[in-house]
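Report on the structure
This is what each chain is made of:
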Amino acid sequence: MRSLNVLITGAGGGMCRGINRRLADAGHTLLCVDIDAERAEAAAEAVRSDGGKAFAFAADVTTPDDVKRLRRDALEQVGAVQAIVNAAGVLDRKMLLDHDAASFAKVLDINLVGPFAVIREFAQDMLDADFGRIVNISSIAGTTGYPYPSYAASKAGLSNLTRSLLMDFWGTGITVNSVCPGVVDTQMVIQEVRDQVPNKVPTGRVVEPEEIGALIAFVLTDDARSINGADLVIDGGATQIFRLFDPQHA
Ligand SMILES: NC(=O)c1ccc[n+]([C@@H]2O[C@H](COP(=O)([O-])OP(=O)(O)OC[C@H]3O[C@@H](n4cnc5c(N)ncnc54)[C@H](O)[C@@H]3O)[C@@H](O)[C@H]2O)c1
């Protein structure tokens with residue numbers, strides 16, 4: 001199996017604990033990026049203490065200078081990046097009337113413009129190598145209705161950015177996919193949502209971060225080279241169920 005230099009944004013977050021572990025177990029070298037330097041270092045250290053290879057980088061994906069510096073530092077310390085996992089993201093629990101244009105735009109900046117900027121910065125290296133794997137962590141909230149419109153709009157945008165980049169990478173060895181999780185066992189998920197899982201998710205359980213990691217590990221393999229432009233939904237079946245007339249779950 002090919003072992004890659006994989007840049008992971010938001011690497012210090014809850015879901016990335018599982019992603020980092022699975023990708024390191026698959027033999028990849030991780031570039032753990034987070035806006036919070038301590039979180040980035042802790043993530044890299046956790047991988048190293050399990051015997052994996054990882055480097056920490058502090059960068060804000062919404063700051064162009066940080067993203068440029070990230071590529072320079074990555075090249076110098078590790079080498080060319082061959083895969084990107086855009087996992088940095090925020091959920092602002094504001095409904096319409098609680099938002100203003102600035103707070104709405106901030107969520108789009110982190111969840112949508114940030115991934116674009118990272119892909120834009122590293123694209124030429126992948127094109128030069130005629131190989132790359134890009135995985136954007138979107139959400140089922142990008143395809144269904146959701147109470148928090150900035151988050152839903154940002155993830156809908158991210159999934160469609162994924163599809164639209166197929167044009168740029170046509171005929172190259174670069175694939176671009178979205179992973180769309182449902183309810184994952186992280187701090188982002190409030191107790192009220194967890195309590196609803198048995199009645200709203202056909203598997204009756206939350207998704208573990210390791211399951212997201214296992215899916216991404218597969219996407220990085222050569223066997224996955226025809227998976228391209230997909231929304232890889234991993235939600236226990238939640239989005240496929242229409243419960244309005246189900247007396248058990250209504
Ligand atoms: N937890 C879930 O149930 C769930 C479901 C669907 C999608 N997602 C998505 O998965 C991704 C990871 O979620 P999580 O639950 O691990 O969240 P988390 O809050 O635990 O982790 C997010 C990480 O991103 C970092 N970050 C935030 N802004 C940044 C920036 N500007 N630049 C660089 N790093 C930044 C944070 O410091 C944090 O370490 C997010 O994109 C989220 O929207 C989560």
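What comes next is a walk through the structure. (Residues numbered from 1 in each chain as written. Predicted model: local features only at pLDDT ≥ 70, side-chain atom pairs only at ≥ 80, totals over all residues. Heavy atoms only, no water.)

**As for the side chain of Asp66**
Condition: A run of DSSP states H or I qualifies as a helix once it reaches four residues; a run of E qualifies as a strand once it reaches two. Both are numbered from the N-terminal end. Only protein chains enter the accessibility calculation, which uses a 1.4 Å probe. A residue is then buried if its area is under 20% of the maximum for its type, exposed if over 50%, and partly exposed in between. Residues are treated as being in contact if the distance between any of their heavy atoms lies within 4.5 Å.
With respect to the secondary-structure elements, Asp66 resides in helix 3 (residues 64-77). Taking the relative accessible area as the measure of exposure, Asp66 reaches 18% and is therefore buried. Excluding residues within four positions of it along the chain, Asp66 makes contact with Ala59 and Asp60.

**Comments concerning the nonpolar core**
Our working rule: Buried residues of nine kinds, namely Ala, Val, Leu, Ile, Met, Phe, Trp, Tyr and Cys, make up a nonpolar core once their side-chain atoms join them within 4.5 Å.
Ranked by size, the top nonpolar core spans 31 residues in total, and within it Leu23 and Ile216 carry the most contacts. Considering each element in turn, this core owes the most residues, 5 residues, to helix 1 (residues 14-25). Apart from residues lying up to four places away in sequence, Leu23 is in contact with Val6, Ile8, His28, Leu30, Val85, Gly213, Ile216, Ala217 and Leu220. In this structure, Ala74, Val118, Ile119 and Ile134 belong to the second largest nonpolar core, which totals 24 residues.

**What to know about the side chain of Arg133**
Operational definition: His is not counted, nor are the chain ends; Lys and Arg add positive charge and Asp and Glu add negative charge. The working definition used for a salt bridge is a side-chain nitrogen of Lys or Arg within 4 Å of a carboxyl oxygen of Asp or Glu.
As for its placement among the helices and strands, Arg133 is situated in strand 5 (residues 132-137). Although Arg133 is buried, it forms no salt bridge, and the closest oppositely charged side chain is Asp222 at an N-O distance of 4.1 Å. Excluding residues within four positions of it along the chain, Arg133 makes contact with Gln82, Ala83, Ile84, Met126, Gly173, Thr175, Val219, Leu220, Thr221, Asp222, Ala224 and Arg225.

**Concerning helix 5 (residues 149-164)**
Three or four residues apart is the spacing at which side chains of an α-helix point the same way, because the helix has 3.6 residues per turn. Here is the rule we go by: Between the first and last residue of a helix there are one fewer steps than residues, each counted as 1.5 Å, and that sum is the expected span.
In this model helix 5 runs 22 Å from its N-terminal to its C-terminal C-alpha over 16 residues, within 8% of the 22 Å that 1.5 Å per residue would give. Along helix 5, the positions that sit buried rather than exposed are Ser150, Tyr151, Ala152, Ser154, Lys155, Leu158, Ser159, Leu161 and Thr162. On the buried face of helix 5, the contacting elements are helix 4 (101-129), strand 5, strand 6 (174-181) and strand 7 (231-234).

**Comments concerning the packing of helix 3 against helix 4**
The cut-off we apply is this: Angular values range over 0 to 180 degrees, each being the angle between N-to-C directions of two axes fitted as lines to C-alpha atoms, with helices fitted over their stretch in contact. Handedness of a crossing follows from how the near helix is turned relative to the far one, being left-handed for an anticlockwise turn of less than a right angle and right-handed for a clockwise one. For this scheme, ten residues count as nonpolar: Ala, Val, Leu, Ile, Met, Phe, Trp, Tyr, Cys and Pro. Four count as charged, namely Asp, Glu, Lys and Arg, and the remainder, Gly too, count as polar.
The contact between helix 3 and helix 4 brings their axes to 9 Å, and the two run at 35°. The handedness of the crossing between helix 3 and helix 4 comes out as right-handed. Residues Val67, Lys68, Leu70, Arg71 and Ala74 of helix 3 pack against Ala117, Val118, Glu121, Phe122 and Asp125 of helix 4. Residue classes in the contact of helix 3 with helix 4 are distributed as 6 nonpolar, no polar and 4 charged.

**Structural notes on the pattern of salt bridges**
Inspection of every chain in the model, using the stated rule, returns 14 salt bridges. For Asp36, the salt bridge is made with Arg39, and the minimal N-O distance between the two is 3.9 Å. On the basis of relative accessible area, Asp36 is assigned to the partly exposed category, the value being 32%. On the basis of relative accessible area, Arg39 is assigned to the partly exposed category, the value being 40%. In this structure, Asp92 engages Lys94 in a salt bridge whose closest nitrogen and oxygen atoms are separated by 3.1 Å. For Lys94, a relative accessible area of 25% puts it in the partly exposed group. Shared partners join several salt bridges into a network, and the residues in it are Arg21, Arg22 and Glu210.

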